[in-house]
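Residues per chain are reported as follows:
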Amino acid sequence: MTMDDTEHSVFCSSCGSPLDQPANLPVEERTPCPICGSMSRQINVTCTDNLKFTDGLSMELTPGTQARDWRQRWIEIQEHLKRLLAPHSGPMSAASIQNANHDLHSFFVQAYHLKDSLIHDAGTTGVPKTTIENAIKADPHLTLLADLANLDKHGKLSKAPRSGDIPTWDVSGASDGDSGWRLSLTIRHKGKTHDGLNFADEVVSAWARHLRRWALIT
């Protein structure tokens with residue numbers, strides 16, 4: 001019997017760009033995606049086993065489809081939020097705080113681009129592009145999310161702010177607790193402040209309201 005090696009391909013989970021990084025690289029040793037700055041990764045595993053026996057039987061095993069439709073992105077967004085809200089059990093340092101900050105901003109990019117997956121899948125969901133764009137335009141959480149994602153990707157807004165004002169943010173460090181530490185990111189927008197992690201939670205709730213209204217989730 002012979003067996004081929006398993007191959008791992010690493011991609012940015014926010015923008016899908018292929019990355020030349022080991023699949024088992026620890027989070028604290030990752031470098032940001034050169035396209036969008038995300039620290040989140042998607043690992044694709046390709047495993048082809050050729051089993052050869054004396055009677056001539058051979059078998060090839062390949063992974064199933066790995067299509068990344070809106071449902072898959074929605075699942076990834078929810079899982080990403082869970083990781084963000086979980087206390088960090090590792091040492092709190094300048095590097096770990098910066099990594100947590102990168103991870104939160106990559107979440108903003110990924111969460112906003114759920115709209116692209118929804119628009120792409122409009123033929124199967126029955127929700128037209130104009131409905132999706134109008135929902136974002138009318139939702140203050142999603143318009144602010146759009147501007148945060150745009151700022152994170154380009155360093156400055158590439159178009160007029162969808163939220164009506166340019167948001168700013170700063171990392172004030174981390175709050176330490178009995179179960180671990182938590183990133184403290186303050187978003188300033190229209191004279192108000194938002195806690196970054198709380199805002200991430202509100203963004204997922206906002207998307208969920210629209211997905212339910214469109215009968216895409218229960």
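Residues numbered from 1 in each chain as written. Predicted model: local features only at pLDDT ≥ 70, side-chain atom pairs only at ≥ 80, totals over all residues. Heavy atoms only, no water.

Draft legend 1. Local environment of the packing of aromatic side chains. Scanning the model with the defined rule gives two aromatic pairs in all. Where Phe107 meets Phe108, the ring centres are 6.2 Å apart and the plane angle is 65°; that geometry is what we call edge-to-face. There is no split in this pair, since Phe107 and Phe108 are both buried. For the pair Phe108 and Phe199, a centre-to-centre distance of 6.0 Å together with 65° between the ring planes defines the contact as edge-to-face. Of this pair, Phe108 sits in helix H2 (residues 94-112) while Phe199 sits in helix H7 (residues 196-213), placing them 91 residues apart in sequence. Judged on exposure class, the residue Phe108 and its partner Phe199 are both buried. By the ring-pair criterion, three or more aromatic residues cluster together here, those being Phe107, Phe108 and Phe199. (Phe/Tyr/Trp six-rings, centres within 6.5 Å; stacked < 30°, edge-to-face > 60°. Buried < 20%, exposed > 50% of the residue type's maximum accessible area, 1.4 Å probe, protein only. Helix = DSSP H or I, 4+ residues; strand = E, 2+ residues; numbered from the N terminus.)

Draft legend 2. Geometry of the pattern of salt bridges. Summed over all chains, the structure comprises seven salt bridges. In this structure, Lys82 engages Glu79 in a salt bridge whose closest nitrogen and oxygen atoms are separated by 3.5 Å. Of this pair, Lys82 and Glu79 both sit in helix H1 (residues 70-85), three residues apart, which is roughly one turn of the helix. Overall, the relative accessible area of 54% leaves Lys82 in the exposed class. A salt bridge links Arg209 to Asp139, with the nearest nitrogen and oxygen atoms 3.9 Å apart. Residue Arg209 is found in helix H7, and its partner Asp139 is found in the loop between helix H5 (129-138) and helix H6 (140-154); the two are separated by 70 residues along the sequence. On the accessibility criterion, Asp139 (6% relative accessible area) is buried. The network of salt bridges with shared partners includes Lys115, Asp116, Glu133 and Arg162. (Salt bridge = Lys/Arg side-chain N within 4 Å of Asp/Glu carboxyl O.)

Draft legend 3. Up close: the nonpolar core. Among the nonpolar cores identified, the biggest contains 41 residues, and Trp74, Phe107, Phe108, Leu118, Leu145, Trp207 and Trp214 are the most heavily contacted of them. Listed by contribution, the elements that provide at least two residues to this core are H1, H2, helix H3 (114-120), H5, H6, strand S7 (180-189) and H7. For this core, the element with the highest residue contribution is H7, accounting for nine residues. The contact partners of Trp74, leaving out residues within four places of it in the chain, are Leu114, Val204, Trp207, Ala208, Leu211 and Ile217. (Core = buried A, V, L, I, M, F, W, Y, C linked by side-chain atoms within 4.5 Å. Contact = heavy atoms within 4.5 Å.)

Draft legend 4. Focus on the pairing of strand S6 (residues 168-177). Where S6 and S7 come together, nine bridges link them in antiparallel fashion. By the bridge assignment, Gly177 is partnered in S7 with Gly180. Between S6 and S7, which follow one another and run antiparallel, lie two residues. (Pairing = 2+ DSSP bridges.)

Draft legend 5. Up close: H2. Relative to the 27 Å expected for 19 residues at 1.5 Å per residue, H2 spans 27 Å between its end C-alpha atoms, a close match to the ideal helical length. Summarising burial for H2: 15 of the 19 residues are buried, a large majority. (Expected span 1.5 Å × (residues − 1).)

Draft legend 6. Inspection of the sheet that holds S6 at higher detail. Here three strands make up an open sheet; going across it, the order is S6-S7-S8 and the pairing antiparallel. Because the sheet does not close on itself, it has two edges, and the strands there are S6 and strand S8 (192-195). Each strand axis lies, on average, 25° off the axis of its neighbour in the sheet, ignoring direction. This element, H2, spans S6 and S7 of the sheet and lies at about 55° to S7. On top of the sheet, H6 reaches S6, S7 and S8; it is set at about 95° to S6, its chief contact. (Axes fitted to C-alpha atoms, helices over the stretch in contact; angles between N-to-C directions.)

Draft legend 7. Region of interest: H6. Taking 1.5 Å per residue as the helical rise, H6 with its 15 residues ought to reach 21 Å, and the 21 Å between its terminal C-alpha atoms agrees with that figure. For H6, the full list of buried residues reads Leu142, Thr143, Leu144, Leu145, Ala146, Asp147, Leu148, Ala149, Asn150 and Leu151. Looking at the buried residues of H6, the elements they touch are H2, H5, S6, S7, S8 and H7. Taking the backbone nitrogen of His141 as reference, a side-chain oxygen 2.9 Å away marks Asp139 as the first, capping residue of H6. Count one or two residues on from H6 and you reach Gly155, which has phi positive near 85°. (Polar contact = N/O pair within 3.5 Å; in protein donor to acceptor, adjacent residues only side chain to side chain.)

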